[in-house]
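Observations on chain architecture
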Amino acid sequence: MSVVLSSENLRVKILSKGAEVCSVKNKKGLEFIWQADENVWPRHAPVLFPIVGKLKENTFFYGTTPYSLGQHGFARDRDFILTKSDDASCTFELHSDSGTKSDFPFDFNFQISYRIDDKKLITKYDISNPADLPLYFSV
């Protein structure tokens, strides 16, 4: 699924998979986002969470328990839920679940909001921790 935001100056397309911006065009039709050539690099502008980068042997420890987490985490490969949308803004959410907790033992609520403001696309990340334990992450 995708969402299209538009204004007099911009047209923005966002995929629900990874809540990834896949197109930003100005009113002249000039594209500002990489168009995901499978032969070069198949992504547009992925959101990286809960880590940015690569772990040694794709492993981290929380306490004495090892967890396997691939490069840049899992958010870019997960389907986000669209929770709000209008012509010029939208909000997507991803929450911890049994699938995320097998690789990342922390509870989280991750919200990404996009809003067109004149000639700008404003992106806002909100990460909250519903648990009493610390939440370690990067985005």
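A brief report on the enclosed structure follows. (Residues numbered from 1 in each chain as written. Predicted model: local features only at pLDDT ≥ 70, side-chain atom pairs only at ≥ 80, totals over all residues. Heavy atoms only, no water.)

1. A word on unusual backbone geometry
A cis amide bond, omega 5°, links F49 with the succeeding residue P50. Its location among the elements puts P50 in the loop between β3 (21–26) and β4 (59–62). Notably, H72 is not glycine yet its phi reads approximately 65°, a positive angle. Within the secondary structure, H72 sits in the loop between β5 (65–68) and β6 (81–85). Accessibility expressed as a relative area gives 17% for H72, which makes it buried. (Helix = DSSP H or I, 4+ residues; strand = E, 2+ residues; numbered from the N terminus. Buried < 20%, exposed > 50% of the residue type's maximum accessible area, 1.4 Å probe, protein only.)

2. Quick notes on the environment of S128
Mapping S128 onto the fold places it in strand β9 (residues 120–128). C-alpha of S128 to C-alpha of D107: the two residues are 21 residues apart in sequence and 8.8 Å apart in space. When near neighbours in sequence (up to four residues on either side) are disregarded, S128 contacts F108, N109 and L135. (Contact = heavy atoms within 4.5 Å.)

3. A short note on a nonpolar patch on the surface
The grouping of W34, V40 and W41 at the surface amounts to a nonpolar patch, some 320 Å² of accessible area in total. Residue placement: V40 occurs in the loop between β3 and β4. For V40, a relative accessible area of 58% corresponds to the exposed category. (Patch = residues over 30% accessible without salt bridge, like charges linked within 9 Å, V, L, I, M, F, W, Y side chains within 5 Å. Areas by Shrake-Rupley, 256 points an atom, 1.4 Å probe, with all protein chains shown as cover. Salt bridge = Lys/Arg side-chain N within 4 Å of Asp/Glu carboxyl O.)

4. Re the packing of aromatic side chains
One pass over the structure, following the stated rule, counts 16 aromatic pairs. Here the aromatic rings of F49 and F108 are separated by 5.1 Å at their centres, their planes lie at 65°, and the arrangement is edge-to-face. Placement of the pair is F49 in the loop between β3 and β4 and F108 in the loop between α1 (98–101) and β8 (109–117), with a sequence separation of 59 residues. On the numbers, 6.4 Å between centres and 55° between planes, the contact of Y62 with Y136 is tilted. Of this pair, Y62 sits in strand β4 while Y136 sits in the segment after β9, and the two are 74 residues apart along the sequence. (Phe/Tyr/Trp six-rings, centres within 6.5 Å; stacked < 30°, edge-to-face > 60°.)

5. Quick notes on the pattern of salt bridges
Close approach of charged atoms lets side chains of opposite charge pair. Here the structure, examined in full by the defined rule, presents 5 salt bridges. Among the ionic pairs, D97 bridges to R78, the shortest N-O distance being 2.6 Å. Placement of D97 in the loop between β7 (89–95) and α1 and of R78 in the loop between β5 and β6 is noted, with a sequence separation of 19 residues between them. Here D126 makes a salt bridge to K124, at a shortest N to O gap of 3.7 Å.

6. Overview of the environment of D79
Structurally, the position occupied by D79 is in the loop between β5 and β6. Given a relative accessible area of 56%, D79 falls into the exposed group. Note: C-alpha distance between D79 and I14 (65 residues apart in sequence) is 12 Å. Setting aside residues up to four positions removed in sequence, D79 forms contacts with S16, K17 and L94.

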